[in-house]
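Chain residues, written in single-letter form:
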Amino acid sequence: MLRYLIRRIGAFLPTLLAASFLIFVFIRLIPGDPAAVMLGDQATPEAIEALRVEMGLEESLAVQYLRWLSDVVRGDLGDSIFFQVPVLELIVDGLETSVLLALMTMVWIVGFGLPVGMVAAARRGSWLDQSLSGMSMFLASVPTFWVGLYLILIFAAILGWLPSSGYPSIFGEGGLANLRYLLLPSIALAAPNAALIIRLTRASMLDVYREDYVRTARAKGIHPLRVIVRHVFRNALLTVVSAFGFTLAALISEAVVTETVFSLPGVGRMVVQSILRRDYPVIQGTILMIVLLYLAINLAVDILYAWLDPRVKLR
Amino acid sequence: MNTLLSVRDLELVGHTASGPRTLVDGLSIAVSEGESLALVGESGSGKSITALAIMGLLPEAEVTVGGGRIEFSGESLLDLSALERRRIAGNRIAMIFQEPMTSLNPVMRIGDQIVEMIRAHERVSLRAAMARAAELLADVRIPEPAMRLRAYPHQLSGGQRQRVMIAIALACRPKLLIADEPTTALDVTVQAQILALLRDLQQELAMAMLFITHDLGVVANIADRVAIMYCGQLAETGSVKEVFRTPSHPYTRGLLHCVPNASAELDELVAIPGQLPSASESLAACRFAPRCPLADTICHRTPPPTVAVSAVHFCHCHHAGGVAVP
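Residues numbered from 1 in each chain as written. Chains lettered and ligands numbered in written order. Predicted model: local features only at pLDDT ≥ 70, side-chain atom pairs only at ≥ 80, totals over all residues.

Engineer: Can you lay out the overall build of chain A for me, pointing to particular residues and giving the numbers?
Structural biologist: Looking only at helices and strands, chain A features 13 helices and zero strands. The order of helices and strands in chain A, counted from the N terminus, is α-α-α-α-α-α-α-α-α-α-α-α-α. Considering only C-alpha atoms, chain A reaches an extent of 85 × 55 × 35 Å along its principal axes. Within the span of chain A, comprising 315 residues, buried residues form 33% of the whole. When contacts within chain A are restricted to residue pairs at least 6 apart in sequence, those whose partners lie at least 24 apart make up 71%. (Helix = DSSP H or I, 4+ residues; strand = E, 2+ residues; numbered from the N terminus. Buried ≥ 20, exposed ≤ 12 C-beta atoms within 10 Å, placed from the backbone. Contact = placed C-beta atoms within 7 Å.)

Engineer: Lay out the nonpolar core with the relevant residues and their values.
Structural biologist: Among the nonpolar cores identified, the biggest contains 92 residues, and Ile114, Ala167, Leu176, Ile178 and Leu210 of chain B are the most heavily contacted of them. Among the elements that make up this core, the one with the highest residue count is helix α6 (residues 158–170) of chain B (seven residues). Leaving out residues up to four positions away in the same chain, Ile178 of chain B has contacts with Ala51, Ile54, Met55, Ile93, Met95 and Leu210 of chain B. Core analysis: the next-biggest nonpolar cluster, separate from the first, contains 58 residues, Ile23, Leu151, Val232 and Val282 of chain A among them. (Core = buried A, V, L, I, M, F, W, Y, C linked by C-beta atoms within 7 Å.)

Engineer: Which residues make up helix α8 (residues 144–158) of chain A, and what values do they have?
Structural biologist: Residues and elements named next belong to chain A. Its 15 residues place the ends of α8 20 Å apart at the C-alpha level, agreeing with the 21 Å of an ideal helix rising 1.5 Å per residue. The largest bend in α8 amounts to roughly 25° and is located at Ile152. Against α9 (183–209) and α11 (224–261) lie the buried residues of α8. (Expected span 1.5 Å × (residues − 1). Bend = angle between axes of the 7 residues up to and from the residue.)

Engineer: An account of the pairing of strand β6 (residues 93–96) of chain B is requested, with residue identities and associated values reported.
Structural biologist: Residue and element names in this part refer to chain B. On β6, burial covers both faces: Ile93 and Met95 on one face and Ala94 and Ile96 on the other are all buried. Across four bridges, the pairing between β6 and strand β7 (residues 176–180) is parallel. Its bridge partner being in β7, Ala94 is matched across the sheet by Leu177. (Pairing = 2+ DSSP bridges.)

Engineer: Account for the domain arrangement of chain A, naming residues and giving values.
Structural biologist: Residues and elements named next belong to chain A. Per the domain assignment, the segments of chain A are domain 1 (2–73) and domain 2 (87–308). For domain 1 and domain 2, the distance between their C-alpha centroids amounts to 32 Å. With 14 residues of domain 1 at the interface, the matching set in domain 2 holds 12 residues. When contributions to the side of domain 1 that touches domain 2 are tallied by element, the ones reaching two or more residues are α2 (12–29) and α3 (34–39). Looking at the side of domain 1 that touches domain 2 element by element, the count peaks at eight residues for α2. Of the residues contributing to the side of domain 1 that touches domain 2, the split by class is nine nonpolar, three polar and two charged. (Domains from an automatic or database assignment. Nonpolar A, V, L, I, M, F, W, Y, C, P; charged D, E, K, R; others polar.)

Engineer: Can you lay out the sheet that holds strand β4 (residues 63–72) of chain B for me, pointing to particular residues and giving the numbers?
Structural biologist: All names here are of chain B. Read from one edge to the other, the open sheet built from four strands follows the order β2-β1-β4-β5, with strand pairing classed as antiparallel. The sheet is open, and its two edges are formed by β2 (19–32) and β5 (75–76), each paired on a single side. Pairing geometry for strand β1 (residues 3–16) and β4, over eight bridges, is antiparallel. Bridge pairing in β4 links Val13 to Thr64.

Right, dumping it as structure tokens:
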């Protein structure tokens, strides 16, 4: 197991290297000059030129890349051009919002998607199954920002039950009650993904239900609920768990939109704003961290899978 | 001997896209206590679906009971509630299946799968149930049973998995064991071992057995009596000895003729001409008539009578000779 972990984490390095190169090159393909953006409309060409030299933008791309890479290897993601503070600090600041948002979203996805999928499968063909399937098709097909805007309209603007935007830290004034700021965004973010999990759970439960070992279980004369939970669901979970990896990855990109709609001070919104500001170090640093997170999630899913399925050996 | 299981005029109807279709037509069989009955037929003859009907495991959306009775120890199974049937399934009637490779839950330990059966029907502690599971594994001749309890199905061979299936089936000392082609998926040497094991256990536990197979060699090996089915109808029943020595139904004769014989100098395998009627074909009154060398118009029009060849041997054929039973 330890050897497996070391090997898998070792395999992160080439992926990260390739990702770092792509990130570095692709942001520079976007037209726009960070120096010009920083100095604003009134800047003289001389002033912009001077700033470009100061920021090292006049050197060749290869030199710039290697300099950045050698800093990154030493744990230095550079300073933000816009904020003039270390990128790592900005990421850590945004992390609280983003991690809590992701966790809450996963709670909805797992806590809602799995049971609803189970019920739909157990009652297949009934009106309940059909309305649940219809609902999940609807949720899967509407974009996150649309759901977000309607949630704001209904629960914040009309009913006034929940705040529409922002997020004060749970470590500051208000404490854990501040989590209510994340309620609407996490629901908006969960909706399409939970729908996917509902569909997947239902489909794989129905698949498993036809398996010989389910017939064996029924031949034992055990309670039907036990057949469903211990035999059908446990095996259906194998398919669903491998989809969790994709879902989490999708969350990362969808969080960018959601954080923007709800003005949450998270990592996702920071990426969007930094792209508009051409704040190269922040974009590079944040996306590199997201890639690392994505790799870690996939590793975690693989380990979870091996734990659920005794036939899979991690070597 | 007392009749343990009695199936009378059972009719099973399959619901297909092209409408309902009779899968089992007026089947009557009986198994006495401690007796071993082999139910023989080609695939599609309705033998497995009959077993599922006895267990109460029919896939309800696809197959329903159209008529008839199934009695077990004098109780009419088809009249019982789902809960009452669950008390019988596994406990007093247990079943083993054709595919040992896929019949065990891949993510559950062997021990847990045996214990689940014990604890479904008896109030015993987990520890006691585990001890019993180890004994059961020893009973089915699995070496190092205590260690094997912790194994997962994929760590066992096909033969061993079928032994585990037998251990699960025998966990509650059932009065009747239904074995649905339990050796078909195994290689020949393992087949012989499993058959010997089943025969030994059946005698040790004085358990009745309904053994479903298409293999006449197996029948001679394991059964006291045999019931031969063709396309949902019973063709012939009787003691294995009599049916094999004096087969009276043309289908049985055809089947016995098909068994390859190492001593006979034949170049080709003999086969019954024609094939099972397809799902869309309309059926003759005697299902075998279209393939039967003796068939005439009456066979297509009138369902075959039950003819007593002897006191322990019955044939369902217009041309069997012997005395018709009303």
